[in-house]
Amino acid sequence: MLISYKWLKSYVPDLPEPDKLVDVFTFHLCEVEGVEKKEDDTIFDLNILPDRAHDLLSYRGIAKDLAGILNIEYKNIEYKIRAGEATKLSIKVESKNCRRYMARIIRKIKILPSPDWMKNYLLSMNQRSINNLVDATNIVMFDRGNPIHVFDLDKVEGSIIIRQAKEGEKMTTLDNKEVKLSPLNMVIADEKNILALAGIKGGKVAEVTEDTKNIIIEVANFDPTNIRKTSKEINIYTDAVKRFENDLSPEIVSVSMNDMSALVLEMCKDATLEEVVDIYTKKQEKNKLSFNIKRISKRLGLDISVATVEDILKRYGVLYKNTDDDFEIVVEDMRIDLKTEEDMSEEIIRILGYEKLKEELPKINWNSKTNEVYSKIFWARNKLLNDEYSEVMTYSFRDKGEVEVLASASDKKFLRTNLSDGLKESFKLNQLNMPLLGMSEIKIFEIGTVFKKNGEKIHVAYVDKKNVVEVSLDEFCKSYQGEPLVDLSAKSYQLKANFKPWSIYPFISRDVAVWVPNVVESYQVYKVIKENAGDLLVRDPYLFDSFTKPASTAGGDGKTSYAFRLVFQSYDRTLKDEEVNEIIAKISYKISKNSSWEIR
Amino acid sequence: MNQETKKGKEHPLSVVINEAVKIFTDLGFEVATGPELEDIWHNFDALNIPKDHPARDMQDTFYIKGEKDKVLRTHTSNVQIRYMENLVKSGGKPPFAIIAPGKCFRNEATDATHEMQFYQIEGLMIGEDINMSHLKGVLSYFYKKMLGKDVDLRFRPSFFPFTEPSIEFDLKFNGKWLEIGGAGMVHPNVLKNCGIDSDKYQGFAFGPGLERLMVIKYGMPDIRPAYQGDLRFNQF
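Residues numbered from 1 in each chain as written. Chains lettered and ligands numbered in written order. Predicted model: local features only at pLDDT ≥ 70, side-chain atom pairs only at ≥ 80, totals over all residues. Heavy atoms only, no water.

### Things to note about the sheet that holds strand E9 (residues 176-186) of chain B
Residues and elements named next belong to chain B. Quick note on the threshold: Paired strands are those between which DSSP finds at least two bridges. Only DSSP runs of H or I reaching four residues or more are called helices, and only runs of E reaching two or more are called strands; each is numbered from the N terminus. It only takes one pair of heavy atoms within 4.5 Å for two residues to be counted as in contact. Helix axes are fitted only over the stretch in contact, all axes being lines through C-alpha atoms; the angle between N-to-C directions runs from 0 to 180 degrees.
Strand order in this open sheet of 7 strands is E1-E5-E6-E10-E9-E8-E7, and the pairing throughout is mixed. The outermost strands of the open sheet, each flanked by one partner alone, are strand E1 (30-31) and strand E7 (152-157). The pairing of E9 with strand E10 (residues 202-206) spans 3 bridges and is classified as antiparallel. Bridged to Gly184 within E10 is Ala205. Contacts from helix H1 (residues 12-27) reach E1, strand E5 (96-105), strand E6 (117-127) and E10, with the element oriented near 5° to E6.

This is the structure:
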């Protein structure tokens with residue numbers, strides 16, 4: 001959720017500077033995914049996770065928590081509005097998925113552009129301003145966390161009815177999407193039409209337009225699971241869904257209605273207000289939570305004192321009583337996530353800060369078993385490595401197979417039924433790169449899971465120029481006797497090993513063979529080649545052939561031939577033959593400077 | 001020409017996995033394994049991730065066509081459940097400590113830091129008094145062994161349905177803080193779901209990704225070559 005520093009500060013006047021606030025969020029509340037400086041404001045992009053979505057997807061929720069963390073004042077701004085006149089508005093709640101429905105008629109309103117402060121607040125959250133009424137619903141939703149909807153009163157026929165849809169019923173949403181409904185979906189209807197998909201999206205029938213004069217404001221609380229299921233089924237996800245699906249406190253309905261009404265009255269001076277109709281079928285119980293701070297200390301590995309806990313509870317304005325280490329608190333309505341002692345252990349440590357935890361190694365004084373599958377994989381891998389096979393890993397996804405995944409982001413929708421297909425592709429790729437790899441033969445293997453109709457199995461497969469062999473891990477390990485794992489310490493902790501990325505451009509490989517007197521050693525030739533090969537040489541010259549014609553044999557002159565393979569490649573372009581020819585010419589020239597050396 | 005060519009070259013992820021397993025087994029952990037194609041109970045329900053709850057959206061899951069009850073595991077946490085269920089079934093009880101490296105899957109677009117398949121290393125330690133400071137101690141010990149003595153570890157608040165408290169942890173490596181993975185104290189519901197007395201036993205779990213560790217350890221710019229079967233990747 002995008003959060004404006006300015007808006008937030010209206011509730012917490014002593015808020016630290018934005019760059020300090022980032023750390024407070026990060027280490028005590030939630031992750032900050034982005035910070036953007038604007039003219040006279042800073043916008044934080046906060047990643048609010050599902051366990052806190054019911055209170056932290058709102059300015060006031062965040063403000064209250066920050067005030068608690070920092071032990072500074074939370075300014076609870078409340079709007080006073082005049083009493084409403086008597087109303088004839090009729091509300092019928094027929095669905096059990098509606099936990100509270102509050103509605104109010106306001107007459108003689110005017111649809112106008114929003115005042116600047118509202119436009120700016122919305123703009124700071126990347127929200128487009130639409131008109132004073134729609135903007136007000138959004139402002140209150142972001143501020144309090146409760147979504148709000150408005151109907152055009154003059155388009156409503158009779159009572160407002162909150163009910164489940166009938167099989168095959170249809171409605172058109174505000175954005176002109178036709179939706180077919182089933183009894184799973186909850187709707188807001190009048191006596192003739194469906195007016196809205198409850199908690200998800202408004203409908204076309206009672207849409208507020210420029211000509212709207214009289215309105216019904218809806219502030220409600222719906223069952224999170226029902227909203228979520230409908231939203232998934234019809235594939236509409238809105239800011240309202242995001243809040244309702246995470247479960248909201250029905251207690252914030254009345255304050256949200258009050259704020260919304262106040263905003264409308266402020267913007268439309270001639271408006272007349274009627275009293276609210278409030279159907280509150282499932283009153284939220286006051287949640288009492290007991291915890292013991294000795295047990296919490298034991299869970300955290302940190303001694304938490306009675307005084308520390310009392311201090312935290314006071315900072316958050318939480319009502320509590322305690323006998324020594326046993327506490328009982330009354331949980332604030334919006335904190336639906338606080339249910340157990342474990343929840344309180346998190347609450348206490350994240351407020352105190354996780355840096356308070358020490359680093360301690362536990363004593364393990366029990367015996368651990370060896371795992372057969374892992375030991376076999378380890379054994380198989382080492383056996384193949386010792387036989388000069390190198391290990392590769394290929395994708396588990398293929399374009400054919402027996403087990404298919406749904407809605408994949410990729411075009412490869414099947415799980416592999418064997419390792420060989422991927423391994424053969426890998427073999428081809430590596431064969432092309434043999435000069436680059438400095439290998440005279442490609443031998444590779446993979447150990448991994450394959451998936452068939454009757455289940456998954458771990459396979460071992462290896463490929464060389466003669467064979468493609470694939471067997472099950474158990475088959476491969478027939479001769480494995482449960483030897484202990486080889487000690488890895490020699491290979492471990494190579495901290496300085498640095499990965500070298502490779503070029504995506506093609507390489508050019510050339511061979512240089514030189515006749516030298518047999519007193520000359522290969523490294524002397526190597527040196528001349530290496531020194532004159534330039535920066536495009538991507539691997540060490542590789543001696544792939546050498547032989548000596550003894551002086552005694554017929555035609556023999558006692559000279560030795562050394563043949564080196566040179567591989568050239570650029571990191572930023574495709575090399576031209578001519579470039580490489582020039583390099584080879586230079587090397588040849590340098591070699592020919594030794595009168596007894598001769599290019600073959 | 002030299003000794004190295006006499007032996008095949010191991011995949012860098014295997015190098016990392018083997019080192020990790022060595023460090024943890026030296027501490028007393030035992031290795032555990034589990035299936036990659038998993039049922040909903042072991043991947044979600046038993047881990048306190050309820051059906052029709054937004055927490056399920058935290059992971060982009062691969063569901064299987066024609067098999068309503070199956071998913072590609074989204075994490076190695078399924079191994080926690082399988083290990084504890086088997087332990088209880090065979091009459092065992094805590095304390096225990098397991099480490100489970102394994103392949104996981106997420107249905108998301110591929111880029112330099114995300115792949116549809118990836119490795120996690122799951123750790124789980126349960127006893128009568130295994131606490132959150134132990135979690136910090138074990139993670140710190142592991143990463144210092146893996147990356148060098150001067151790495152620093154820090155915790156940040158987070159949320160996972162299967163841990164309470166839940167944290168994300170970062171490492172300071174070469175002067176920079178890097179996000180590494182998630183961890184926490186095992187939620188009592190998870191223990192109960194496996195038949196373990198959650199009033200008597202408590203402990204921690206963690207499940208960082210191994211590609212991330214490999215990339216940091218070796219200074220790799222991109223994780224994608226890991227699964228392309230390209231031997232140029234086997235540099236160590």
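Anyway, onward from the coordinates.
### Re the pairing of strand E6 (residues 148-152) of chain A
Residues and elements named next belong to chain A. Applied cut-off: Relative accessibility decides the category of a residue: with a 1.4 Å probe and only protein chains considered, values under 20% of the type maximum give buried, values over 50% give exposed, and everything between is partly exposed.
With respect to burial, E6 is a largely interior element, 5 of its 5 residues being buried. Residues Ile148, Val150 and Asp152 point to one face of E6 and His149 and Phe151 to the other, with burial holding for every one of them. Inspection of the sheet shows E6 paired to strand E13 (residues 215-222) by 5 bridges, in the antiparallel sense. Paired with His149 across the two strands is Glu218, which belongs to E13.

### Overview of helix H5 (residues 116-124) of chain A
All names here are of chain A. Inclusion rule: Relevant arc is that of directions from the helix axis to the C-beta atoms, nothing else.
Along H5, the positions that sit buried rather than exposed are Met118, Leu122 and Ser124. Down the axis of H5, the sector holding all buried residues measures 160°, keeping them to one side. Those residues of H5 that are exposed and aimed more than 90 degrees away from the buried face are Asp116 and Leu123. On its buried side, H5 packs onto strand E1 (2-4), strand E2 (31-38), strand E3 (41-47), helix H6 (132-144) and helix H9 (252-267). Looking at the residues trailing H5, positive phi occurs at Asn126, about 60°.

### Looking at the packing of aromatic side chains
Residue and element names in this part refer to chain B. Here is the rule we go by: Stacked, edge-to-face and tilted are the three classes for Phe, Tyr and Trp ring pairs, Trp counted by its six-membered ring, which pair at centre distances within 6.5 Å; planes under 30 degrees apart are stacked, over 60 edge-to-face, the rest tilted. By the criterion adopted, a ring carries a charge over it if an Arg CZ or a Lys NZ lies within 6 Å of its centre and within 35 degrees of its normal.
In this structure the tally under the stated criterion is 32 aromatic pairs over all chains. Seen in terms of ring centroids, Phe24 and Phe142 are 4.5 Å apart; in terms of plane orientation they differ by 25°. Their pairing is stacked. Placement of Phe24 in helix H1 and of Phe142 in helix H4 (residues 132-147) is noted, with a sequence separation of 118 residues between them. Their ring planes at 70° and their centres at 4.8 Å tell us that Phe142 and Tyr143 sit as a pair that is edge-to-face. Using a relative accessible area of 2% as the deciding quantity, one classes Phe142 as buried. Residue Tyr143 is classed as buried on the basis of its relative accessible area of 1%. Cluster of aromatic residues (ring-pair linked, three or more members): Phe24, Phe29, Phe142, Tyr143, Phe169, Phe204 and Phe206. For Lys136, the ring lying beneath its charged end belongs to Phe155, and the centroid distance is 5.5 Å.

Note that every value here comes from positions in space, so none of it alone points to a role or purpose.
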